[in-house]
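The lines below spell out each chain.
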Amino acid sequence: MKKKISILLILLIFFSVSGYASQDRLPEMRNKISSESKEIKASFLKSRDIVLMSSMWDSCVMTMTQLDAYFYMVGIFDSVKSPDEDTVNYLINWLKIIKSTSELNIRGLDSATQILEPKTKIYKERLEADFSELNKSIDSELSRVSMLKEALKPGKAP
């Protein structure tokens, strides 16, 4: 009986993980950063701050790629018949990498002091806010994935 309850609990948690991509703010943040990158790219030819604009665009693309990879990992995780702690650890480590990259992007944007155009400053401030908001969303996701990790530990099931 305990084994059936344990399996039911793990399956319940497992299926709740499958809804992450649709319920979490990470996809929303990815779309927001994607929109910013499109605006920045459209401004390339008109800007005198081409190096900074290019760097901001690169940061957006890198962040979107990392988030896409995370979404694919969650999809792969959903297809695993019996998730284990190592699988969840991989998701946690990837989220920490995304957060670290985001913090690096914020520091890089903070260090940009020589801005020639007001529009570039607006893009810079919006991206800093987006990356900060992304970090908060990642913290929330880390908390949820950590709860899953705890539930998968031996002896934690009822």
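Since we're looking at a predicted model, the values are computed, not measured. (Residues numbered from 1 in each chain as written. Predicted model: local features only at pLDDT ≥ 70, side-chain atom pairs only at ≥ 80, totals over all residues. Heavy atoms only, no water.)

**Description of the overall build of the chain**
And then number 1: Secondary structure summary: the chain contains six helices and zero strands in total.
And then number 2: The order of α-helices and β-strands along the chain, N terminus first, is α-α-α-α-α-α.
And then number 3: A burial count over the chain gives 40% of its 158 residues as buried.
And then number 4: Taking contacts inside the chain between residues at least 6 apart in sequence as the whole, the part at least 24 apart equals 81%. (Helix = DSSP H or I, 4+ residues; strand = E, 2+ residues; numbered from the N terminus. Buried < 20%, exposed > 50% of the residue type's maximum accessible area, 1.4 Å probe, protein only. Contact = heavy atoms within 4.5 Å.)

**Considering the side chain of Ser-137**
And then number 1: Structurally, Ser-137 is set in helix H6 (residues 118–152).
And then number 2: Sequence-distant contacts of Ser-137, defined by excluding residues within four places in its chain, comprise Arg-25, Leu-26 and Met-29.

**Comments concerning the packing of helix H4 (residues 50–79) against H6**
And then number 1: Axis separation between H4 and H6 bottoms out at 12 Å; the angle between their running directions is 20°. Between H4 and H6, the crossing angle belongs to the class labelled roughly parallel. For H4 against H6, the interelement crossing comes out left-handed. Across the interface between the two elements, Leu-52, Met-53, Met-56, Ser-59, Cys-60, Thr-63, Leu-67, Tyr-70 and Phe-77 of H4 pack against Thr-120, Tyr-123, Lys-124, Leu-127, Phe-131, Leu-134, Glu-141, Val-145 and Leu-148 of H6.
And then number 2: When grouped by side-chain class, the residues that make up the contact of H4 with H6 number 13 nonpolar, three polar and two charged. (Axes fitted to C-alpha atoms, helices over the stretch in contact; angles between N-to-C directions. Parallel < 35°, antiparallel > 145°, perpendicular 65-115°, else oblique. Left-handed = near helix turned anticlockwise from the far one by under 90°. Nonpolar A, V, L, I, M, F, W, Y, C, P; charged D, E, K, R; others polar.)

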